[in-house]
Amino acid sequence: MHRRLFLQATAALGLSGAASNGSAGESPAGDAGQDAAQPATPVAGDLIWDLHCHFSGVPGPTIEDRTRQILEYADRMGVQRLVFFMGWPWSQNPTPDDFRRQNDQVLEALAKWPERLLGFAYLSGHHPRESLQEIERCIASGPMVGIKLWVARKCSDEALDPIIARCGELNAAIYQHTWLKTQGNGEGESTPMDLALLADRHPTVPIICGHTGGDWTRGIRAVRAHKNVSIGIGGSEPTSGFVEMAVRELGAERVIYGSDVGGRSFSSQLAKVYGAEVPEAAKRQILGENLKRMLSPILQTKGIPS
Amino acid sequence: MIVDVNVNLSRWPFRRLEFDATGPLVTKLRQHGITEAWAGSFDGLLHSDVAGVNARLATECQTRGDGILQPVGTVNPTLPDWQEDLRRCHEDHGMHAIRINPNYHGYQLDDAACDALFQLAGERRMIVQLALKMEDVRTHHPLMQVPTVKVAPLDALVTKYPHVPLIIMNNYGTIRGDAAARLAQAGQVYFEISHAEQVGALEKLVQQVPFQRLLFGSHFPFFNLEASLFKFRESRLGGLMVEAIQTANARRLRASQR
């Protein structure tokens, strides 16, 4: 085991002798069981940028309430920058009014925490004209740095081409949800093979294959030949071997950490990286360096510190 | 010191896993503070020679377990003379627990065979581990689609056998808050945490289920071991709860059998 990984894991459990964090949840009998592993403060050092965050999984009537809670958990896990997309509640096939409403919620959060949060605009392949307008509003003229496409329309559809092309011009990141469900995908739900077709038509535009299809053993293969495609590893069970195969087949530079909080946890998704049997340099790339590199041009254009 | 109640040995049928060899698995468990691991065998999912599976598991734990692996035998009550498998687990192998996989073995929790299994396990004061699933149903091999265990009959089963210690494993939202609390109240029902998800999962879980009924479980090596370990960093529970979930509850459960 790599020494740094071991230290990370043991520190996470307080086994390294770190002091108690003194949280409000500390039991009055806080010294019970001296052998017990205790939660510890986050381990500093790794650059961790989270590609995939939502306002779900926490209570609260406002976006600010929800974001504040997510950030507290992120602080505990050492996650420095978080990419949010879609609002609350969300919809799978949003009307233009609905995706504008959801993007307004993300813009609200960005305004409150500009130093921590990044935003991708939620769009729909069913509404390419309005989606292009939203790119102008949120990205070209606004603070967002990428787009999110979910399950409204398969990404292999050529109707999406103007959206992808415009993102390429702006250096905006493109996150496309994909799954490969044994029982069959939803009608507009893309597979990694659909994404490969899209990537083929836009070979110079970086595209992120969200969830790597869930069944990553097939998803990785589907995008392997498309060098402009990176994979997002968030939003699935913390199965061992995922990151190892991705690094082996794609190279660490094409693998990006994300969590899909709050439906998922930082814990389970970070474990995919920290628990992987890959070089430590690869882990650093996956945890934050790759996303930072991808976003650097647009961040620089907007004057957002990275 | 952590007791992990959800570990598997041998080979996952559909791909090789990191740490699916016992030696490296034990080394990793030790490096992460696991001092006792209750280990079943992946072979128990599909093999019909369950007696052979359990004998190999017992030998593997004894010879390569470095003192931390406690074997948990598979019992499939649809097999002829399954009662002998249960007897051997208890008497020949000295196992304290058995693991059941109703979905892989083709029965329901309200089948007569399952009732009989709980009856015999209770008579022998053995713990029953119920695995609700093994992997995300969306990623199953197309020729091997195994639905998650239907849990509706659990209330009646637990009410009938309230003194049989039952550990619910791999529960990814199959049994939710109120139902989990009801089961915990109805009998000796425990939940392990390997599939507890959402941000801050453990903080939410202890609001739903008494923390005395939660156990550390990892589903390692199918899952990365760190996934369960990191949950204690993401959630702030306080020392008493952490110690209970990681160690004391499992120790107390075992002690109650003796």
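Residues numbered from 1 in each chain as written. Chains lettered and ligands numbered in written order. Predicted model: local features only at pLDDT ≥ 70, side-chain atom pairs only at ≥ 80, totals over all residues.

I'd like to hear about the overall build of chain A, residue by residue, with values.
Counting its regular elements, chain A contains 10 helices and eight strands. For chain A, the residues scored as buried account for 54% of the 306 residues in total. (Helix = DSSP H or I, 4+ residues; strand = E, 2+ residues; numbered from the N terminus. Buried ≥ 20, exposed ≤ 12 C-beta atoms within 10 Å, placed from the backbone.)

Could you give me a rundown of the overall build of chain B, with the residues and numbers involved?
If you tally the helices and strands in chain B, you get 10 helices and nine strands. For chain B, the C-alpha radius of gyration of 17 Å lies close to 18 Å, the compact-globule estimate for 258 residues. The buried share among the 258 residues of chain B stands at 55%. A separation of at least 24 residues holds for 75% of the contacts in chain B among residues at least 6 apart in sequence. (Rg over C-alpha atoms; globule rule 2.2 N^0.38 Å. Contact = placed C-beta atoms within 7 Å.)

Quick one: what's the story with the sheet that holds strand E8 (residues 189-192) of chain B, residue by residue and with numbers?
All names here are of chain B. Strand order in the open sheet made by the six strands is E4-E5-E6-E7-E8-E9, with parallel pairing throughout. What marks the edges here is a single partner per strand, and that holds for strand E4 (73-74) and strand E9 (214-215). With two bridges joining them, E4 and strand E5 (residues 97-100) adopt parallel strand pairing. Pairing of Gly73 across the sheet is with Ile98, part of E5. (Pairing = 2+ DSSP bridges.)

Tell me about the sheet that holds strand E5 (residues 173-179) of chain A, and name the residues and values.
Residue and element names in this part refer to chain A. Taken together, eight strands build an open sheet; the order of strands is E1-E2-E3-E4-E5-E6-E7-E8 and the sheet is parallel. Two strands bound the open sheet, and with one partner strand each, they are strand E1 (49-53) and strand E8 (255-256). Summarising the sheet, strand E2 (residues 81-84) and strand E3 (residues 117-123) pair through three bridges and their orientation is parallel. Bridging from a neighbouring strand, Leu82 pairs with Leu117 of E3. Contacts from helix H6 (residues 192-201) reach E5, strand E6 (207-213) and strand E7 (229-232) within the one sheet, and its direction differs from that of E6 by about 170°. (Axes fitted to C-alpha atoms, helices over the stretch in contact; angles between N-to-C directions.)

Outline the packing of H6 of chain A against helix H7 (residues 216-223) of chain A, supporting the account with residue identities and numerical values.
A pair of packed helices can be characterised by two numbers: the angle between their axes and the separation between those axes. Residues and elements named next belong to chain A. Close contact between H6 and H7 brings their axes to 8 Å; oriented N to C, the two are set at 15°. One finds that H6 runs roughly parallel with respect to H7. The interaxial crossing formed by H6 with H7 has right-handed handedness. In contact with Pro192, Met193, Leu195 and Ala196 of H6, H7 contributes Gly219, Ala222 and Val223. Considering only residue class, the contact of H6 with H7 consists of six nonpolar, one polar and no charged. (Parallel < 35°, antiparallel > 145°, perpendicular 65-115°, else oblique. Left-handed = near helix turned anticlockwise from the far one by under 90°. Nonpolar A, V, L, I, M, F, W, Y, C, P; charged D, E, K, R; others polar.)

So, the packing of helix H2 (residues 63-77) of chain A against helix H3 (residues 96-112) of chain A: which residues are in play, and what are the values?
Residues and elements named next belong to chain A. In contact at an axis separation of 10 Å, H2 and H3 are set at 60° when each is read in the N-to-C sense. On the basis of the axis angle, H2 is oblique to H3. Here H2 and H3 pass one another in a crossing that is right-handed. Counting all contacts with H2, which are made through Ile63, Glu64 and Thr67, the residues of H3 involved are Gln105, Glu108, Ala109 and Lys112. Tallied by class, residues from the contact of H2 with H3 come to two nonpolar, two polar and three charged.

Hey, could you go over the confidence of the model for chain A for me, with residue numbers and the actual values?
When pLDDT is averaged along chain A, the result is 88, and 86% of the positions lie at 70 or above. Every residue in residues 1-42 of chain A is under pLDDT 50, and counting partners more than four places away or in other chains gives 87 contacts. (pLDDT = per-residue confidence, 0-100.)

Account for H3 of chain A, with residues named and values stated.
Residues and elements named next belong to chain A. Over its 17 residues, H3 runs 24 Å from end to end, which matches the ideal 24 Å to within 8%, given 1.5 Å per residue. Among the residues of H3, Phe99, Gln102, Asn103, Gln105, Val106, Leu107, Ala109 and Leu110 are the ones counted as buried. Contacts from the buried residues of H3 go to H2, E2, E3 and helix H4 (128-140). (Expected span 1.5 Å × (residues − 1).)

Summarise the environment of Leu237 of chain B; cite the residues concerned and give the values.
Residues and elements named next belong to chain B. Here Leu237 shows up in the loop between helix H9 (226-234) and helix H10 (239-255). Using a count of 25 C-beta atoms within 10 Å as the deciding quantity, one classes Leu237 as buried. On a C-alpha basis, the gap between Leu237 and Glu203 in space is 6.5 Å, while along the polypeptide they are 34 residues apart.

Lay out the nonpolar core in plain terms, naming residues and giving numbers.
In terms of nonpolar packing, the biggest core is built from 167 residues, with Ile147, Ile174 and Val255 of chain A together with Ile98 and Ile168 of chain B touching the most fellow members. Ignoring sequence-local partners within four residues, the contact set of Ile168 of chain B consists of Leu130, Leu132, Ile175, Val189, Tyr190 and Phe191 of chain B. (Core = buried A, V, L, I, M, F, W, Y, C linked by C-beta atoms within 7 Å.)

Requested: an account of the confidence of the model for chain B, with residues and values cited.
Summarising the model, chain B shows a mean pLDDT of 97, and 100% of its residues fall at 70 or more. Both scores are given for the predicted complex: the pTM is 0.92, the ipTM 0.97.

An account of the environment of Val3 of chain B is requested, with residue identities and associated values reported.
Residue and element names in this part refer to chain B. With respect to the helices and strands, the residue Val3 is situated in strand E1 (residues 2-9). Sequence-wise, Val3 and Gly33 are 30 residues apart; in three dimensions their C-alpha atoms are separated by 8.9 Å. Every residue in contact with Val3, bar those within four places of it in the chain, is listed here: Glu36, Phe216, Thr247, Ala250 and Arg251.

Account for the pairing of E1 of chain B, with residues named and values stated.
Residue and element names in this part refer to chain B. Burial analysis of E1 places eight of its eight residues in the buried class, the great majority of the element. Sheet analysis places E1 next to strand E2 (residues 34-41), joined by six bridges and oriented parallel. Bridge pairing in E2 places Val7 opposite Ala39.

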